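Commentary on secondary and tertiary structure
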Amino acid sequence: AAAARRAAPRMASIVDVPSWDDPRLAGYRGVADPAALARQGECLIEGRLVVPRLLDLARKSARWRGRIQSVLVTPAALDQLAPALASHDRLTVYRLAADHWTSLTGFNLHRGCLALAHRPDVPTLETLSLGGLQCIVVLEGVSNPDIIGGIFRSAAALGADLVVLGPSCGDPLYRKAIRTSMGAALEVPYATTAAWPGALSHLQMQGFFVAALTTPPADVMLPDWTRPRQPIALLAGAEGHGLTPEAQALASRRVSIPMTGRVDSLNVATAVSIALYHAGWTPHRDTPD
C-alpha cells in the first residue's frame with residue numbers, strides 16, 4: 001500500500017463548490033472590477049490555453065513561483081486541464097457548475113477557467129540593470145488592453161528583452177491583455193517609468209538608440225533604415241494621437257513604415273511587430289547609421 005501511494009501521481013486538490021456566492025470564491029468576483037483587483041495586488045488569468053501557461057511558469061519561473069492562489073473551473077474545463085494540474089499537488093482547484101458562472105463573474109464567461117494569483121513586483125526602468133539587453137519596446141499612452149496584449153505577444157515572438165510602460169499605459173496583467181497576449185504578458189519582463197519623457201534620455205545614456213515609430217514625415221523609412229550597432233529601444237505611441245512632440249524630440253531617429261496611402265496609420269501592435277521583425281533580423285552593416 002505504501003508503495004502504491006508513492007507511485008500515485010501528484011494532483012491538485014479538487015474542491016466542489018455548491019454555489020456562486022460561496023465565500024471561498026470572493027476573489028473571483030474581481031472580474032467585474034479589475035482596478036480593485038489590481039489595488040489588492042492580485043490578477044485573474046483566463047482561458048484553457050493561458051492558465052496552463054501560468055501553471056507551467058509557476059514551476060519554472062521565480063517570478064510566478066508560489067503566486068497562484070487557486071484555480072476555478074467548470075467540470076468540462078477540469079477534464080481538459082487535468083494534465084496541466086497533475087504536478088501542482090499544493091494547489092486548490094475549485095469546481096463550479098457552468099450555470100453558476102454568470103452570477104459569479106457578472107457576465108457570460110464561456111471559457112470556464114480562471115486562476116487567481118498574486119501579482120509579481122514590477123520594477124521601474126530606472127532601477128533596472130540594462131546590461132546585455134539588445135532590443136526593448138517603449139510605450140507612451142497605449143491603454144487598450146487588446147493592443148497591450150498584442151504587443152506583448154509580438155515581443156515574445158520576435159525577441160524583445162523588455163517592455164517599458166510610459167505614462168497612461170494599460171495594465172499587462174489585466175485579464176483581457178493576458179488573454180490577447182496568449183500568456184506572453186505573464187512571461188515577457190516589463191517595467192514602468194514615471195520620468196517622462198526623461199526616461200528616453202536615460203535609455204540613451206545607457207547606450208540605447210531610441211527609434212520612434214511615427215507616421216510620415218520621418219527621418220527615414222523602415223526599409224531604408226539599418227539598425228545601428230548598439231542596443232535599440234523601439235518607441236511607440238497611442239492609437240490616434242501617436243507619440244507626443246516631447247517624446248519625438250528626444251528620440252535618436254524617427255522611423256516610418258511605408259504604406260499605400262489608403263489609410264494614414266497602422267494599428268500600434270501591428271507597427272511594433274513589423275519594426276521588431278526588421279530590427280531583429282536586418283543584418284548589421286559596418287557603416288554608421
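Here's a quick rundown of the structure. (Residues numbered from 1 in each chain as written. Predicted model: local features only at pLDDT ≥ 70, side-chain atom pairs only at ≥ 80, totals over all residues. Heavy atoms only, no water.)

What follows is about helix α6 (residues 145-158). The end-to-end C-alpha distance of α6 is 20 Å, a good match for the 20 Å that 14 residues give at a rise of 1.5 Å each. Where α6 is concerned, the buried positions are Ile147, Ile148, Gly149, Gly150, Ile151, Phe152, Ser154 and Ala155. One side-chain oxygen of the residue at the start of α6 lies 2.8 Å from the amide nitrogen of aspartate 146, identifying that residue as asparagine 144. Glycine 159, located one to two residues past α6, shows a positive phi value of around 90°. (Helix = DSSP H or I, 4+ residues; strand = E, 2+ residues; numbered from the N terminus. Expected span 1.5 Å × (residues − 1). Buried < 20%, exposed > 50% of the residue type's maximum accessible area, 1.4 Å probe, protein only. Polar contact = N/O pair within 3.5 Å; in protein donor to acceptor, adjacent residues only side chain to side chain.)

Within strand β6 (residues 135-140), 6 of the 6 residues are buried, which leaves the element mostly enclosed by the surrounding structure. Taking every second residue as pointing to the same face, both faces of β6 are buried, with Cys135, Val137 and Leu139 on one and Ile136, Val138 and Glu140 on the other. Bridging between β6 and strand β11 (residues 232-237) involves 6 bridges; their strand directions are parallel. Residue pairing for β11: cysteine 135 is matched across the bridge by isoleucine 232. As judged from the 4 bridges shared by β6 and strand β7 (residues 162-165), these two strands associate in the parallel manner. By the bridge assignment for β7, valine 138 is matched with valine 164. Tracing the backbone out of β6, into α6 and back to the parallel element β7 gives a crossover that is right-handed. (Pairing = 2+ DSSP bridges. Right-handed = clockwise from strand over helix to strand, strands pointing away.)

Before going further, it helps to spend a moment on the pattern of salt bridges. Counting across every chain of the model gives 11 salt bridges. Of the charged contacts, one joins glutamate 46 and arginine 175 as a salt bridge, the two residues approaching to 2.6 Å between their closest N and O atoms. On the criterion of sequence distance, the pair formed by glutamate 46 in strand β2 (residues 42-46) and arginine 175 in helix α7 (residues 175-180) is long-range, its members being 129 residues apart. Each member of the pair, glutamate 46 as well as arginine 175, carries the same accessibility label: buried. Of the charged contacts, one joins aspartate 56 and arginine 59 as a salt bridge, the two residues approaching to 2.7 Å between their closest N and O atoms. (Salt bridge = Lys/Arg side-chain N within 4 Å of Asp/Glu carboxyl O.)

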